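One letter stands for each residue in the lines below.
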Amino acid sequence: MQIAQTPDNSMPVSPAPYPFEINRIGEVAGAEIIGLDLSQPIDAATKDAILRAFLEHHILVFRDQSLTKDEQARFSENFGELESHVGRHPSGEQYHIVHTVTNLGPDGKPEPKVMPKGNYYWHTDKSYHEVPSLTTMLHAIEVPEEGGDTLFANTRMGYETLTPEMKSRIADLKAEHSWEASRRNTNSAPATEEQKKARPPVTHPIVRTHPDTGEKTLYVGMHVSHIHGLPKDESDALLAELLEHTTQPDLVYTHQWRKGDYTMWDNRCLLHRASPNYDAATERRVLHRTVIIGTKPY
Ligand SMILES: [Fe+2]
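(A) Here's a closer look at the overall build of the protein chain. Helix and strand counts for the protein chain come out as seven helices and 17 strands. For 298 residues, the compact-globule formula gives about 19 Å, and the C-alpha radius of gyration of the protein chain, at 19 Å, lands near that figure. Considered along the principal axes of its C-alpha atoms, the protein chain spans approximately 60 × 50 × 30 Å.

(B) Expanded view of the sheet that holds strand β9 (residues 174-177). Across the sheet, three strands lie side by side as β10-β9-β13; this open sheet has antiparallel pairing. The open sheet is flanked by β10 (202-205) and β13 (224-227), the only strands paired with a single partner. Here the average twist between neighbouring strands, direction ignored, is 35°. Here β9 pairs with β13 via three bridges, running antiparallel. Bridge assignment links Ala175 to a residue of β13, and that residue is Ile227.

(C) Spotlight on unusual backbone geometry. Positive phi outside glycine occurs at His58, with the angle close to 70°. One can find His58 in the loop between α1 (44-57) and β5 (59-62). For His58, a count of 25 C-beta atoms within 10 Å corresponds to the buried category. With phi around 55°, Asp64 is a residue other than glycine that occupies positive phi space. Following the sequence through the fold, Asp64 ends up in the loop between β5 and α2 (69-76).

(D) Geometry of the sheet that holds strand β16 (residues 270-274). Pairing in this open sheet of three strands is antiparallel, and the strands run β14-β8-β16 from one edge to the other. If you trace the sheet from one side to the other, it starts and ends with β14 (252-255) and β16, each paired once. Sheet twist, expressed as the mean angle between neighbouring strand axes with direction ignored, is 20°. Bridge count between strand β8 (residues 150-154) and β16: five bridges; the pairing is antiparallel. Bridging across to β16, Leu151 finds its partner in Arg273.

(E) The nonpolar core, seen in detail. By size, the foremost hydrophobic cluster in this structure holds 46 residues, and its most contacted members are Phe152, Ile206 and Val220. Residues in contact with Phe152, not counting those within four places in the same chain, are Ala29, Ile59, Val252, Tyr253, His255, Trp265, Leu270 and His272.

(F) Inspection of α1 at higher detail. Taking 1.5 Å of rise per residue, the 14 residues of α1 would be expected to cover 20 Å, and the 20 Å separating its terminal C-alpha atoms lies within 8% of that figure. On the buried face of α1, the contacting elements are β3 (21-24), β4 (31-34) and β5. Looking one or two residues beyond α1, the residue adopting positive phi is His58, at roughly 70°.

(G) Expanded view of the pairing of β3. Here β3 runs beside β4; their pairing, made up of four bridges, is antiparallel. Considered in β4, the bridge of Asn23 is made with Glu32. Turn length for the β3-β4 hairpin, with the two strands adjacent in sequence and antiparallel, is six residues, and the turn residue Gly30 shows positive phi of about 110°.

(H) Region of the structure containing the pairing of β5. Covered by surrounding structure in β5 are Ile59 and Val61 together with Leu60 and Phe62, the residues of both alternating faces. Where β4 meets β5, three bridges bridge the pair, whose relative direction is parallel. From the neighbouring strand, Ala31 faces β5, where its bridge partner is Leu60. Traced from β4 through α1 to β5, the parallel crossover comes out right-handed.

(I) Representation of the environment of Glu77 within the structure. Mapped onto the fold, Glu77 is located in the loop between α2 and β6 (99-102). C-beta crowding within 10 Å serves as the criterion here: with 12 such atoms nearby, Glu77 is assigned to the exposed category. Between the alpha carbons of Glu77 and Asp266 there is a distance of 15 Å; along the sequence they are 189 residues apart.

(J) Local environment of helix α7 (residues 232-246). Compared with the 21 Å implied by 1.5 Å per residue over 15 residues, the 21 Å span of α7 between its first and last C-alpha is a close match. Every buried residue of α7 is listed here: Leu238, Leu239, Leu242, Leu243 and Thr246. Looking straight down α7, one finds its buried side chains confined to an arc of 130°; they lie on one side. Pointing more than 90 degrees away from the buried face of α7 are the exposed residues Asp233, Glu234, Ala237, Ala240 and Glu244.

The rules behind the values
Residues numbered from 1 in each chain as written. Predicted model: local features only at pLDDT ≥ 70, side-chain atom pairs only at ≥ 80, totals over all residues. Helix = DSSP H or I, 4+ residues; strand = E, 2+ residues; numbered from the N terminus. Rg over C-alpha atoms; globule rule 2.2 N^0.38 Å. Pairing = 2+ DSSP bridges. Axes fitted to C-alpha atoms, helices over the stretch in contact; angles between N-to-C directions. Buried ≥ 20, exposed ≤ 12 C-beta atoms within 10 Å, placed from the backbone. Core = buried A, V, L, I, M, F, W, Y, C linked by C-beta atoms within 7 Å. Contact = placed C-beta atoms within 7 Å. Expected span 1.5 Å × (residues − 1). Right-handed = clockwise from strand over helix to strand, strands pointing away. Arc of directions from axis to C-beta.

Geometric descriptors of this kind do not, in isolation, establish any biological role.
Here's what the structure looks like:
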């Protein structure tokens, strides 16, 4: 735990305690919060404490929650503006603002083919947007008996543990991110012309500065097309090297879902991916997702 300093730097003081039970659950990220009911409105002090815990632990897991979609939208809006999704249902209908992530088909039965493959690749949400996501929240409605985990890689630690040579090599590099590249990188159905028009490519720095902590993080993942100014081979190799480095097992927290978990993670200093480590043909996995818009990376 970091010790705060008094203004004259003379005597260390402990940070204010949290007004809820909070326990660290991962080596590199993650804390569980016990005893809050997110279906009810939260007061300003609780919101501030949640934000403080969010910056300290990067992933918060509120246990034993039961929220309707409307309640989830209301809780999410404490932290910014809700984001809609570029994807569409097979029927062409746009996703609800509280989107359901599931392996269940239209008949309500497990159907492994409906799981979007893109979720299995490392990414930071909405990095193909000019202004990507600050946080993503997932509420576990139904989870498999075993598996169906979500993995998180700490990209602040990823940056910190690079060699000085690599840090200076990538210091000023910028990369193009796009929905089109994301579809290509994950062997998914190509982006439609309409989607390409709605989500044109954007450029972000490879090394991002976290707007709330000032710390540097690696901003890479499956939505990246290429690094500007480098030959394709070199760009591909460098992106692969950085991704491999920041997703090495020592920098990853694996979240094993419990029914009722409500997670909230920081897309500005984490990559994440779903794990296909469960039987999607028989087990049920249903999560409700909200995404809060952040700020333009710099
Ligand atoms: Fe995601």
